[in-house]
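# Structural features, examined
Below are the chains, spelled out letter by letter.
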Amino acid sequence: MSIDTEEFLIPSFLNLNLKFFSAQKQIRKFRRHKRPLVGTILPIGAELVFAAGASPIFPLRIGKFEAEKLLRGTRLAKNILGATLVGTGARLLQPQAENIINQFLNEYNKNLCNFESKSDEFKYPPEVCFATRIAYGSSLPHRDQIKLFLAWGTRCGWFSQFFQTLNNSIPVIFTDIPKSTAPHAREYMLEELQQLVTHLEKLTGNKITDEGLREKIILANNIRANYRKVLYYLKTPEKMPLSPYAYMQLIALLNISFIDFLSAIKYFNKQFLKLIKDLDSRRKIDYEGVPKIMLVPVFSGSEPDLPQIMNELGGCLIQADNLAYGMLDPIKTEGDMIHNYCDYLVKMHECWSANKILVKSWLDLANELRVDGIIFNKLIGCTSITPSYRLFKDRVRDTGIPFIDVDFNRIGENLAQIKNKLTSFMEIVKKEI
Ligand code: SF4
């Protein structure tokens, strides 16, 4: 599918990509400013870290990116960050700018491969799921920089085990999230959160005040609202703001950046707001004949080439787990903020606490976003979410939405087989739309 190069010159889109690639630089800056680095692997808790005066970091964002070199070699960063791209100089920068966004997924994926190898080097069990392997391979090299790691007790036992292993190298603060929304579960969640707050305060020497946390949560809520908006553009596919390829790149960027808010929540919010304004003014691309394919689950990793494959097959891959799992719901900003955060966590966890609810969340979203097909990402070694496939298969048949499954274990494994499978699937989908 052809790519409209103009859309890669949207300054806010570029800025968000550049910030994504600048983790190493950010870390150096945090060190100079004596801001402790707090590791995080799930898109929860970052607001508390910011409110304590520390910086959250998603270790998979730390890497050696070509884009960074490109930035050093040109004056692109200064030009983009310092002024507007809309001007005579903009055309000269076009090749670099295009390259940065165009290569976003490739660059990120190359890094994932490194993390897989690192996890093998560190002798992390190869039979466990991809998600915990790359989490380990990306975190351990930064054990001297990351002062604390946020660990969450969710429905997944492997995840808890990963945090336990990590704790041998990086101090971990474990916060359990109950699976129920009953009053006693809420009380428990509150105690767990208080414990996390105490740890963060001890780490930074700062108090997490209600006002400070509210300020961060308002910014995060804005980001959540804009993120929802980007996904909800799909409800009117005749008026999309970006070509399918650029749209897929944007969704991938948001999916990953939402975990640590690019360690710069204010900046993220500001650039995202500008981007939405730009996107709103560009809603003239018709996705007629472009099958919209939702991938589930995406949280624990998937074959990185899928968006590219889908683009070659004339489709658009939608990754919207954050929306399905209630993570883009707003957090209340009146009253006690720790109580509000507690309510958010309990409600969010409920959306994926049991397979029955999880499958329902995916299918409700598939209907809401009017997708034309679903790919079930069967993660090998996953003992928690992959087993929901049997139920998913039964339920998705009732909806009439075409679906297919693909196995995922290691990057690049069975790629030819996946491509063949998806080619046949897309032929069926195209006949039905
Ligand atoms: S849900 Fe599955 S893939 Fe994700 S961390 Fe748990 S076991 Fe691994």
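Residues numbered from 1 in each chain as written. Predicted model: local features only at pLDDT ≥ 70, side-chain atom pairs only at ≥ 80, totals over all residues. Heavy atoms only, no water.

### So, the domain arrangement of the chain
Condition: Boundary definitions for the domains trace back to an automatic or database domain assignment. Residue contacts are counted whenever heavy atoms from the two residues lie within 4.5 Å of one another. A simple way to read buried area is as the amount of 1.4 Å-probe accessible surface that goes missing from two parts once joined, with both sides added. The salt bridge criterion pairs a side-chain nitrogen of Lys or Arg with a carboxyl oxygen of Asp or Glu, the two atoms within 4 Å. Under the DSSP-based scheme used, a helix requires at least four consecutive residues in state H or I and a strand at least two consecutive residues in state E, with every element numbered from the N terminus.
As far as domains go, the chain holds domain 1 (5–286) and domain 2 (289–319 + 354–433). On a C-alpha basis, the centres of domain 1 and domain 2 stand 24 Å from each other. Listed per partner, the contact involves 28 residues of domain 1 and 33 residues of domain 2. For domain 1, the biggest contributors to the area lost against domain 2 are R155, L234 and M248; these three give 24% of the whole. Linking domain 1 to domain 2 there are 3 salt bridges. Here E368 makes a salt bridge to K235, at a shortest N to O gap of 3.4 Å. If you list the elements that add at least two residues to the side of domain 1 that touches domain 2, you get α7 (104–121), α8 (130–139), α11 (210–232) and α12 (244–257).

### Considerations on the pairing of strand β3 (residues 146–153)
To be explicit about the condition: Three labels apply to residues, based on accessible area from a 1.4 Å probe with only protein chains included: buried if under 20% of the type maximum, exposed if over 50%, partly exposed otherwise in between. Paired strands, in this sense, are two strands between which DSSP finds at least two bridges.
Most of β3 is tucked away, with 7 of its 8 residues classed as buried. Across 3 bridges, the pairing between strand β1 (residues 37–39) and β3 is parallel. Residue pairing for β3: L37 is matched across the bridge by I146. Sheet analysis places β3 next to strand β4 (residues 172–176), joined by 5 bridges and oriented parallel. When the bridges of β4 are listed, F149 appears paired with V172.

### Structural notes on the sheet that holds β4
To keep it simple, the criterion reads: A fitted line through C-alpha atoms represents every axis, and for helices the fit uses only the stretch in contact; the resulting angles, taken between N-to-C directions, go from 0 to 180 degrees.
Ordered in space as β2-β1-β3-β4, the 4 strands form an open sheet in which the pairing is parallel. In this open sheet, the two edge strands, each paired with only one partner strand, are β2 (55–57) and β4. Each neighbouring strand pair of the sheet contributes to a mean axis angle of 30°, computed without reference to strand direction. Helix α9 (residues 157–166) rests against β3 and β4 of the sheet, and its axis sits at about 155° to β3. Against the sheet, helix α10 (residues 183–204) makes contact with β1, β3 and β4, and its axis sits at roughly 160° relative to β4, the strand it touches most.

### Thoughts on the packing of helix α17 (residues 355–368) against helix α18 (residues 389–399)
Quick note on the threshold: Should the near helix be turned anticlockwise from the far one by less than a right angle, the crossing is left-handed, and should it be turned clockwise, the crossing is right-handed. Each residue is assigned to one of three groups, with Ala, Val, Leu, Ile, Met, Phe, Trp, Tyr, Cys and Pro labelled nonpolar, Asp, Glu, Lys and Arg labelled charged, and all others, Gly among them, labelled polar.
It is the contact of α17 with α18, at a shortest axis distance of 10 Å, that shows an interaxial angle of 35°. Note that α17 runs across α18; the crossing there is right-handed. Side by side, α17 and α18 meet where N355, K356, V359, W362 and L363 of the first sit next to L391, F392, R395, V396 and T399 of the second. Grouping the constituent residues of the contact of α17 with α18 by class yields 6 nonpolar, 2 polar and 2 charged.

### Some details on the pattern of salt bridges
This model, assessed by the stated rule, comprises 19 salt bridges. Note that R133 and E116 form a salt bridge whose closest N and O atoms lie 3.1 Å from each other. Of the two residues, R133 is situated in helix α8 and E116 in helix α7; the sequence distance between them amounts to 17 residues. Residue R133 is classed as buried on the basis of its relative accessible area of 0%. Across the salt bridge formed by R410 and E116, the nearest N and O atoms sit 4.0 Å from each other.

### Quick word on the packing of α12 against helix α13 (residues 265–280)
Our working rule: Any angle that is under 35 degrees is reported as roughly parallel, and any over 145 degrees as roughly antiparallel; angles of 65 to 115 degrees are reported as roughly perpendicular and all others as oblique.
Running from amino to carboxyl end, α12 crosses α13 at an angle of 160°, the nearest separation of the two axes being 14 Å. By the angle class used here, α12 and α13 are roughly antiparallel. For the crossing formed where α12 meets α13, the hand is left-handed. Contacts between α12 and α13 involve L250, L254 and S257 from the first element and F268, F272, L275 and L279 from the second. Counted by class, the contact of α12 with α13 contains 6 nonpolar, 1 polar and no charged residues.

### Here we look at the site of the ligand
The criterion, for reference: Summary of the distance rule: residues count as near a molecule or strand when at least one heavy atom falls within 4 Å of that molecule or strand. With a 1 Å grid spanning the protein atoms alone, the term cavity applies to any set of points in which a 1.4 Å probe fits but cannot get out, the term pocket to an open set with protein on both sides within 12 Å along at least five of seven lines, and the term lining residue to any residue with an atom within 4 Å of a point. Pocket or cavity membership: a molecule qualifies when more than half of its atoms sit within 2 Å of the grid points of that site.
Close to the ligand lie C129, C156, W158, F159, S300, C382, T383, S384 and I385, which account for all nearby residues. When atom positions are compared with the pocket grids, the ligand is found to occupy the largest cavity. Taken together, the residues that form the shell around the ligand break down as 6 nonpolar, 3 polar and no charged. Both domains that meet at the shell around the ligand, namely domain 1 (5–286) and domain 2 (289–319 + 354–433), each give it at least three residues.

### Structural notes on empty space enclosed by the protein
This is how the line gets drawn: Grid points are joined across faces, edges and corners, and a volume is the space filled by probe spheres set on the points.
Summed over the entire model, instances satisfying the criterion amount to 1 cavity of 30 Å³ or more. Quantified by volume, the largest cavity comes out at close to 740 Å³. If you trace the largest cavity, you find 43 residues lining it, with V298, F299, S300, G301 and S302 closest to the centre. Every element with two or more residues in the lining of the largest cavity is listed here: α7, α8, α9 and α12.

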